[in-house]
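Summary of the model geometry
Below, each chain spelled out in residue letters.
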Amino acid sequence: MPSYELAMVLRQMSRPELVSVLKRTAESILDKGCIIRNLENLGTRALPHKISEHGVVHREGSYFTITFDSAPTKISDFMEEFGRDIDIVRRRIFKIEEPEEFQCTLHEEMLPPAYRKDVQEMIDIAKRKQKPKFKYNSGLDYYPFQK
């Protein structure tokens, strides 16, 4: 199952209400057969602009992220369910991509430019694209065209 991250902004409320909203959200994720990997509190702060959601204007919110594993078909169900929840002001679900493996090429990068493979390849490409030039040893004593 691919990993997803749910970024939520909850309305300003007391701590017990906040705990109940998070439990409700986590239980809805678990009820659909998903696995919660991480729950992170990013704090309470002022929103970047006032947000009108469910008929109420919000100026402050509590930010949370939940990392979970789920089937891709269930993501639309989560968005619909969390959209109906009046305590959630904003919600977005992002797919977590696997980091690409790369090899360290520091020893090649430290070489002088003339000895690097990528620079040599660029020189070869430039040589292939050069146009033929006029050869001055064409048998004529002068250049027959004006310079």
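Up top is the structure.
Residues numbered from 1 in each chain as written. Predicted model: local features only at pLDDT ≥ 70, side-chain atom pairs only at ≥ 80, totals over all residues. Heavy atoms only, no water.

1. Quick word on the sheet that holds strand E3 (residues 56-69)
To be explicit about the condition: In this analysis, strands are considered paired if DSSP registers two or more bridges between them. Labels follow the DSSP assignment, with helices taken as runs of H or I lasting at least four residues and strands as runs of E lasting at least two, numbered in each case from the N terminus. Note on geometry: axes are lines fitted to C-alpha atoms, helical ones only across the stretch in contact, with angles between N-to-C directions running from 0 to 180 degrees. Contacts between residues were defined by any pair of non-hydrogen atoms, one from each residue, lying within 4.5 Å.
Strand order across the open sheet formed by 4 strands is E2-E3-E1-E4, with antiparallel pairing between neighbours. Both edges of this open sheet fall to strand E2 (35-53) and strand E4 (88-95), since each of them pairs with a single strand only. Strand-to-strand twist of the sheet, defined as the mean angle between neighbouring strand axes without regard to direction, takes the value 20 degrees. Pairing geometry for E2 and E3, over 13 bridges, is antiparallel. The residue of E3 that forms the bridge with Ile-51 is His-58. Packed on one face of the sheet, helix H1 (residues 15-31) meets strand E1 (3-11), E2, E3 and E4 and runs near 150 degrees to E1. Strands in contact with helix H2 (residues 75-84) are E1, E3 and E4; relative to E4, the strand with the most contacts, it is inclined by about 170 degrees.

2. Here we look at the nonpolar core
Nonpolar side chains tend toward joint burial in soluble globular proteins. Quick note on the threshold: Think of a nonpolar core as a cluster: buried Ala, Val, Leu, Ile, Met, Phe, Trp, Tyr and Cys residues, connected wherever their side-chain atoms sit within 4.5 Å. Here's how the labels work: a residue is buried when its accessible area is under 20% of the maximum for its type, exposed when over 50%, partly exposed in between, all with a 1.4 Å probe on protein chains only.
Of all hydrophobic cores here, the largest spans 18 residues; its most connected members are Leu-6, Met-8, Leu-10, Ile-29, Phe-68, Phe-78 and Ile-93. Put simply, the parts of the chain that give this core at least two residues each are E1, H1, E3, H2 and E4. Setting aside its immediate chain neighbours within four residues, Ile-93 contacts Tyr-4, Glu-5, Leu-6, Phe-68, Ile-75, Phe-78 and Met-79. Counting 5 residues, the second-largest nonpolar core is a separate cluster that includes Val-9, Leu-47, Tyr-63 and Val-89.

3. Points about unusual backbone geometry
A positive phi angle, near 55 degrees, is found at His-54, a position not held by glycine. By relative accessible area, which is 36% here, His-54 ends up partly exposed.

4. With respect to the packing of aromatic side chains
To be explicit about the condition: Each pair of aromatic rings taken from Phe, Tyr and Trp, with Trp reduced to its six-membered ring, is defined by centres within 6.5 Å and is described as stacked if the planes are under 30 degrees apart, edge-to-face if over 60, and tilted in the remaining cases. Consider the ring centre and the ring normal. A charge sits over the ring if Lys NZ or Arg CZ is within 6 Å of that centre and within 35 degrees of that normal.
Enumeration according to the criterion identifies 3 aromatic pairs in this entry. Linked through ring pairs, Tyr-4, Phe-68, Phe-78 and Phe-82 together constitute an aromatic cluster. Looking at Arg-45, its charged tip hangs above the ring of Tyr-63, at a distance of 5.0 Å from the centre.

5. With respect to the side chain of Ser-70
By secondary structure assignment, the location of Ser-70 is in the loop between E3 and H2. Assessed through its relative accessible area of 0%, Ser-70 is described here as buried. If near-sequence neighbours (up to four positions away) are discounted, Ser-70 is found in contact with Met-1, Pro-2, Tyr-4, Cys-34, Ile-75 and Phe-78.

6. Here's the deal with H1
Just so we agree on the cut-off: The span you would expect from a helix comes to 1.5 Å times its residue count less one. To obtain the arc, one takes the directions from the helix axis to the C-beta atoms.
Counted at 1.5 Å a residue, the expected span for H1 with its 17 residues is 24 Å, and the 24 Å between its end C-alpha atoms agrees. For H1, the full list of buried residues reads Leu-18, Val-21, Leu-22, Thr-25, Ala-26, Ser-28 and Ile-29. Summarising the axial view, the buried residues of H1 lie within an arc of 155 degrees, below the 170-degree limit, and thus occupy one face. The exposed residues of H1 that point more than 90 degrees off its buried face are Pro-16, Lys-23 and Asp-31. Buried residues along H1 sit against E1, E2, E3, H2 and E4. Two residues or fewer past H1, Gly-33 is found with a positive phi of approximately 85 degrees.

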